[in-house]
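Each chain, written out:
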Amino acid sequence: MKILAVEDDPVALAVLRQALRRLGHDGVEASDGQAAWERLQAEPVRVVVSDWLMPRMDGLELCRRIRGQVGAEYTYFILLTGNDAKADNQRSAADAGVDDFLTKPLNFEELWMRLRVAERILRFATQVQQLEEMLPICSYCKKIRDDQNYWQQIEGYINQRTGSEFSHSICPDCYKKVVLPELEKLKAATVPAVERKNPAP
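Just so we're clear, the structure is a prediction, and the values are computed from it rather than from any experiment.

A.B. asks: Any chance you could break down the overall build of the protein for me, citing the residues and the numbers?
C.D. replies: When its secondary structure is counted, the protein shows 7 helices and 7 strands. Shown N-terminal to C-terminal, the secondary structure of the protein runs as helices and strands in the order β-α-β-α-β-α-β-α-β-α-β-β-α-α. Out of the 201 residues in the protein, the part that is buried amounts to 29%. Taking as baseline every contact in the protein between residues at least 6 positions apart, the subset at least 24 positions apart corresponds to 56%. Here the protein has roughly 13300 Å² of accessible surface; of this, 53% comes from carbon and sulfur atoms.

Listed below in structure tokens is the structure:
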């Protein structure tokens, strides 16, 4: 897997480079957030391991820019933090779109674990994207045709492939267009029936 390592400390970058190599990943490097952003524009990478505090552009701003790209494939972002990182700082990082954290000094086993999670998430994100691009869906009833040419509800189709469960509700537009008219019809049909049972004296 290709991974962008972003670190302004040459020693820490060398440690990260060696760890990625030992894990069998293809590492590309940048010395700060700005250099990383420029590299990503030329060569998209699906996983970024970035230091937090760097010159020119820090890790949070880099993550915000990545998340701000419209239509791009999902990038898994791991932020390197010091052991003294406070909960408030980590909340700020999560708000910026950071997926996971690693503390310095880098722990090889923790890096391995985080990258395994990244692989699973990216595989799932790719499957969802392919699902969205290739679904044969009926324009009228919104049923989906599966591989055996069987038409089924979208909920069943997605549940079979991803295990996702759905809760059901009614959007405001459908409530106005469908539910309210049906309620009015029901009300109109109910009133004459009540009047027939209880005629006026």
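A.B. asks: How would you sum up the packing of helix α2 (residues 33–42) against helix α3 (residues 59–67)? Please name residues and give values.
C.D. replies: Each packed pair of helices is defined by two parameters, the angle between the axes and the distance between the axes. Close contact between α2 and α3 brings their axes to 9 Å; oriented N to C, the two are set at 20°. With respect to their mutual orientation, α2 and α3 come out roughly parallel. The chirality of how α2 crosses α3 is right-handed. Only Leu 62, Arg 65 and Ile 66 of α3 make contact with α2, whose side of the interface consists of Gly 33, Gln 34, Ala 36, Trp 37 and Leu 40. Class assignment for the residues of the contact of α2 with α3 results in 5 nonpolar, 2 polar and 1 charged.

A.B. asks: Explain the pattern of salt bridges to me, and be specific about the residues and the numbers.
C.D. replies: Here the structure, examined in full by the defined rule, presents 12 salt bridges. In this structure, Arg 114 engages Asp 100 in a salt bridge whose closest nitrogen and oxygen atoms are separated by 3.1 Å. Note that Arg 114 is positioned in helix α5 (residues 108–134) and Asp 100 in strand β5 (residues 100–103), a separation of 14 residues in sequence. Each member of the pair, Arg 114 as well as Asp 100, carries the same accessibility label: buried. The network of salt bridges with common partners includes Lys 2, Arg 39 and Glu 43.

A.B. asks: How would you explain the packing of aromatic side chains if you had to name every residue and give the values?
C.D. replies: For the structure shown, the criterion picks out 0 aromatic pairs. A cation over an aromatic ring shows up here: Arg 22 above the ring of Phe 108, its NZ or CZ 4.0 Å from the ring centre.

A.B. asks: Tell me about the pairing of strand β2 (residues 26–30), and name the residues and values.
C.D. replies: Residues in a regular strand project their side chains so that they alternate between the two faces of the sheet. Both strand β1 (residues 2–6) and β2 contribute to a ladder of 5 bridges, which runs parallel. Residue pairing in the sheet places Leu 4 in a bridge with Val 28 of β2. Since β1 and β2 lie parallel, the crossover through helix α1 (residues 10–22) that links them has a hand, and here it is right-handed.

Basis of the calculations
Residues numbered from 1 in each chain as written. Predicted model: local features only at pLDDT ≥ 70, side-chain atom pairs only at ≥ 80, totals over all residues. Heavy atoms only, no water. Helix = DSSP H or I, 4+ residues; strand = E, 2+ residues; numbered from the N terminus. Buried < 20%, exposed > 50% of the residue type's maximum accessible area, 1.4 Å probe, protein only. Contact = heavy atoms within 4.5 Å. Areas by Shrake-Rupley, 256 points an atom, 1.4 Å probe, with all protein chains shown as cover. Axes fitted to C-alpha atoms, helices over the stretch in contact; angles between N-to-C directions. Parallel < 35°, antiparallel > 145°, perpendicular 65-115°, else oblique. Left-handed = near helix turned anticlockwise from the far one by under 90°. Nonpolar A, V, L, I, M, F, W, Y, C, P; charged D, E, K, R; others polar. Salt bridge = Lys/Arg side-chain N within 4 Å of Asp/Glu carboxyl O. Phe/Tyr/Trp six-rings, centres within 6.5 Å; stacked < 30°, edge-to-face > 60°. Lys NZ or Arg CZ within 6 Å of the ring centre and 35° of its normal. Pairing = 2+ DSSP bridges. Right-handed = clockwise from strand over helix to strand, strands pointing away.

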